[in-house]
Amino acid sequence: MNLVKINFDRCKECGYCIKFCPKGCLSKGDKINKRGYYPPVYDATNCIACGSCARMCPDTVLTVYKDVDVQ
Amino acid sequence: MKAIYEKPQVFTDAITTYCGGCGHGIVGKLIAELIDELDLRENGILVWPIGCSCLSDRYYDMDAFMALHGRAPAAATGIKRADPSKFVLCYQGDGDLVSEGMAEIMHAAIRSEKFTVIFINNAIYGMTGGQMAPTTLEGQYATTAPKGRKEINSGFPVHMAEIMGMMPGVCYSERVTVTNPGNVAKCKRALKKGFENQIAGKGLSFIEILSPCPTGWKMSPLKAMEWVDEVVAKEYPLGLIKDTTKEEN
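What you see is a predicted model, and the numbers here were worked out from it, not measured in a lab.

Draft legend 1. How the structure looks around the overall build of chain B. When helices and strands are counted, chain B shows ten helices and eight strands. The globule rule puts the C-alpha radius of gyration for 249 residues at 18 Å, and the 17 Å found for chain B is close to it. Along the first, second and third principal axes, the C-alpha set of chain B runs to 50 × 50 × 35 Å. By residue count, 51% of the 249 residues in chain B fall in the buried class. Summarising the internal contacts of chain B: among those between residues at least 6 apart in sequence, 67% fall at separations of at least 24.

Draft legend 2. Expanded view of the interface of chain B and chain A. Contacts between chain B and chain A engage 22 residues on the former and 25 residues on the latter. As defined by bridge partners, strand S4 (residues 62-66) of chain A adjoins strand S1 (residues 2-5) of chain B across three bridges and the pair is classed as antiparallel. Residue Tyr 65 of chain A lies in a different strand from S1 of chain B, and its bridge partner there is Ala 3 of chain B.

Draft legend 3. Up close: the packing of helix H2 (residues 72-82) of chain B against helix H4 (residues 102-110) of chain B. Residue and element names in this part refer to chain B. In contact at an axis separation of 7 Å, H2 and H4 are set at 40 degrees when each is read in the N-to-C sense. The angle between H2 and H4 falls in the class oblique. Residues Pro 73, Ala 74 and Thr 77 of H2 pack against Glu 104, Ile 105 and Ala 108 of H4. The class makeup of the residues in the contact of H2 with H4 is four nonpolar, one polar and one charged.

Draft legend 4. Local environment of the sheet that holds strand S1 (residues 3-6) of chain A. Taking strand neighbours across the sheet as the criterion, the three strands line up as S1(A)-S4(A)-S1(B) in an open arrangement whose pairing is antiparallel. Two strands lie at the open edges of the sheet, namely S1 of chain A together with S1 of chain B, each paired on one side alone. The average undirected angle you get between the axes of adjacent strands in this sheet is 30 degrees.

Draft legend 5. Examining the nonpolar core more closely. Grouped together as the largest cluster of nonpolar side chains are 88 residues, with contacts concentrated most on Cys 53 of chain A together with Val 47, Ile 118 and Ile 209 of chain B. In this view, Ile 209 of chain B contacts Val 27, Ile 118, Phe 119, Ile 120, Asn 121, Val 176, Thr 177, Val 178 and Cys 187 of chain B; residues no more than four positions away in its chain are not counted.

Draft legend 6. Inspection of the pairing of strand S5 (residues 116-121) of chain B at higher detail. Residues and elements named next belong to chain B. Of all six residues in S5, six are buried; the element is thus mostly enclosed. Burial of the side chains of S5 extends over both faces: Thr 116, Ile 118 and Ile 120 are buried on one face and Val 117, Phe 119 and Asn 121 on the other. Judged from the five bridges that link them, strand S4 (residues 87-93) and S5 form a sheet pairing that is parallel. Counted as the bridge partner of Tyr 91 is Ile 118 from S5. Relative to strand S7 (residues 204-210), S5 runs parallel, the two sharing six bridges. Following the sheet pairing, Val 117 is matched in S7 by Phe 206.

Draft legend 7. How the structure looks around the environment of Phe 156 of chain B. Take Phe 156 of chain B: it is sitting in the loop between helix H5 (151-154) and helix H6 (160-165). When the C-alpha positions of Phe 156 of chain B and Met 219 of chain B are compared, they lie 23 Å apart, and in sequence the two are 63 residues distant.

Draft legend 8. Structural view of unusual backbone geometry. In the Ramachandran plot, Ala 49 of chain A falls in the positive-phi region, its phi being about 55 degrees despite a non-glycine side chain. Note on placement: Ala 49 of chain A falls in the loop between strand S3 (41-42) and helix H2 (52-56). One non-glycine residue, Ala 123 of chain B, lies in positive phi territory at about 60 degrees. Mapped onto the elements, Ala 123 of chain B comes out in the loop between S5 and H5. Residue Ala 123 of chain B is classed as buried on the basis of its 28 C-beta neighbours within 10 Å.

Quick notes on the rules
- Residues numbered from 1 in each chain as written.
- Chains lettered and ligands numbered in written order.
- Predicted model: local features only at pLDDT ≥ 70, side-chain atom pairs only at ≥ 80, totals over all residues.
- Helix = DSSP H or I, 4+ residues; strand = E, 2+ residues; numbered from the N terminus.
- Rg over C-alpha atoms; globule rule 2.2 N^0.38 Å.
- Buried ≥ 20, exposed ≤ 12 C-beta atoms within 10 Å, placed from the backbone.
- Contact = placed C-beta atoms within 7 Å.
- Pairing = 2+ DSSP bridges.
- Axes fitted to C-alpha atoms, helices over the stretch in contact; angles between N-to-C directions.
- Parallel < 35°, antiparallel > 145°, perpendicular 65-115°, else oblique.
- Nonpolar A, V, L, I, M, F, W, Y, C, P; charged D, E, K, R; others polar.
- Core = buried A, V, L, I, M, F, W, Y, C linked by C-beta atoms within 7 Å.

Laid out in structure tokens, this is it:
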């Protein structure tokens, strides 16, 4: 299983990760962070861990892991 | 578990002062990745300009210098000449490089200084509130051009990568952008080439990066990215302009 970790308070809600995810794993969130932005929410179902979201993010919000062990 | 993308180690935990969707953030991250990859942290000195990126020394845990308006190439010249073994990176925006410090970059190129210049072209003065820059496109709105830039009053946009390509002292000049993951990869390749040219002691390497400024352009970040691809890249064509290092090999 793949995993994208979101550093909630770094996000500035530009939407690049949502737009450039080829599998539509990220979508607009509805929780506000302490800087007043709405960070995205992640759904691992279709994630291929390509890293496009993290490479496009201007604020290093996202960390991408491949083959995470799930217990 | 394998990490596909992690925060570069040279980065501190500081949150950037850039607006959401700013191209500076993406380029800054590429620089940090390359510093980690090429192991330049101990031996590198970053020269920051005046502009949105002037507080960048807070984001990188390494030596840095903030030069006066447009004088980053002059400061970098001093650093590089004092200690040629150091890796010196000069990072400038378009208001800084083309308007305030045009003479400095020209003379650094004339002297063929052995450092790397990264030029962020977002066609506007970002930090000061969206005034017209020399790189502003014809017809583009700015706070000092409320009816759009007109050639009769303000002349034509400046094509810096082509100008630098004509200078004999410049060994490498390329224009790239950061509008999608493919272009970000190309941008990283161009930056790496510029860094390696300096490490190999070749002449000045110049990389122009077309970058979105959503706040200055009064657009959403996604709209600004499309505007770079559809409008800005038409005026400033992407691609390699000069590379003399190939012929030498």
